[in-house]
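Here's the letter readout for the chains.
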Amino acid sequence: MILKKAKGNLILFGIGAVGYGVIEILWRGRTHWSMLMAGGLSFLGLCKISSLMKNASRLKKAIAGCFLITAIEYIFGLIFNIILKRRVWDYSRIPLNFCGQICALYSFFWLVLSFLFIPLADKIQKRLE
């Protein structure tokens, strides 16, 4: 049972990592390995949100997903952009940014992506059970 759950989580992580990497390459023409990790964690988080908020509306789940992904982005930004100085991204020129690591515009994008991908995450998760 534990091994099956771990395998499922690994598959979900991989889908999120590859999916986010593809989205980022299409959006900005490049990605960084750390963003694959952030994408994997985010997709796992969307699955968890879907499980924990079964009776919530899709919009409420998407809002939770938006906050989760924004938090992951902020943490990864602190680690890779500020501490390790890798300069993976910089939102400092975008209005309503916080320390150049997160901004309202990209949080809105995370809301839209969460709204689109939570049902997919839910379907994949159910197939893996």
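**Q** Just checking my understanding: could you explain the packing of helix α1 (residues 2-28) against helix α2 (residues 33-52) for this structure?
**A** A pair of packed helices can be characterised by two numbers: the angle between their axes and the separation between those axes. The geometry of α1 relative to α2 is characterised by a closest axis approach of 7 Å and an angle of 125° between their N-to-C directions. Taken as axis vectors, α1 and α2 run oblique relative to one another. The two elements α1 and α2 meet at a crossing, and its hand is right-handed. Residues N9, L12, F13, I15, G16, A17, Y20, G21 and E24 of α1 form the contact with α2, whose participating residues are M35, L36, M37, G39, G40, L41, F43, L44 and C47. Class assignment of the residues belonging to the contact of α1 with α2 gives a composition of twelve nonpolar, five polar and one charged.

**Q** Honestly, the pattern of salt bridges in this entry has me stumped. Any pointers?
**A** Side chains that carry opposite charge are capable of pairing whenever their charged atoms lie near each other. Inspection of every chain in the model, using the stated rule, returns two salt bridges. With a shortest N-O distance of 3.3 Å, R28 and E24 are connected by a salt bridge. Pair noted here: R28 and E24 are both in helix α1, with a separation of four residues, about one helical turn. Note on R28: relative accessible area 26%, which makes it partly exposed.

**Q** Quick question: what am I supposed to make of α2 here?
**A** In an α-helix, one turn spans 3.6 residues; hence positions three or four apart end up facing the same way. In a regular helix each residue adds 1.5 Å, so 20 residues correspond to 28 Å; α2 covers 29 Å between its end C-alpha atoms and thus fits that length. In the core, the buried residues of α2 are packed alongside α1, α3 (58-83) and α4 (104-128).

**Q** Help me understand the layout of surface pockets in this model?
**A** Which parts of space are left empty comes out when a probe the size of a water molecule is rolled across the atoms. Considering only enclosed or pocket space, the largest pocket measures out at about 540 Å³ in volume. Around the largest pocket, the lining is made up of 27 residues, and of these G19, Y20, I23, W110 and L113 lie nearest the centre. Counting only elements with at least two residues in the lining of the largest pocket, the list comes to α1, α2, α3 and α4. In terms of residue count, α1 provides more of the lining of the largest pocket than any other element does, eight residues in total. Within the lining of the largest pocket, the residues separate by chemical class into 19 nonpolar, five polar and three charged. Empty space within the second largest pocket amounts to approximately 190 Å³.

**Q** What is the right way to read the environment of L111 from this model?
**A** Inspection of the secondary structure assignment puts L111 in helix α4. Distance in space between the C-alpha atoms of L111 and K61 is 9.3 Å, their sequence separation being 50 residues.

**Q** Please explain the state of the cysteines as it appears in this structure.
**A** Where two cysteines share a covalent bond between their sulfur atoms, that bond is called a disulfide. If you walk through the whole model with that rule in mind, you get zero disulfides. C66 takes part in no disulfide bond, and the closest cysteine sulfur to it belongs to C103, at a distance of 11 Å. According to the relative accessible area criterion, C66 is buried, its value standing at 11%. Its relative accessible area of 3% is what places C103 among the buried residues.

Thresholds applied
Residues numbered from 1 in each chain as written. Predicted model: local features only at pLDDT ≥ 70, side-chain atom pairs only at ≥ 80, totals over all residues. Heavy atoms only, no water. Axes fitted to C-alpha atoms, helices over the stretch in contact; angles between N-to-C directions. Helix = DSSP H or I, 4+ residues; strand = E, 2+ residues; numbered from the N terminus. Parallel < 35°, antiparallel > 145°, perpendicular 65-115°, else oblique. Left-handed = near helix turned anticlockwise from the far one by under 90°. Contact = heavy atoms within 4.5 Å. Nonpolar A, V, L, I, M, F, W, Y, C, P; charged D, E, K, R; others polar. Salt bridge = Lys/Arg side-chain N within 4 Å of Asp/Glu carboxyl O. Buried < 20%, exposed > 50% of the residue type's maximum accessible area, 1.4 Å probe, protein only. Expected span 1.5 Å × (residues − 1). 1 Å grid on protein atoms, 1.4 Å probe; cavity = no way out; pocket = protein on both sides within 12 Å on 5 of 7 lines; lining within 4 Å. Points joined across faces, edges and corners; volume = space filled by probe spheres on them. Disulfide = S-S within 2.5 Å.

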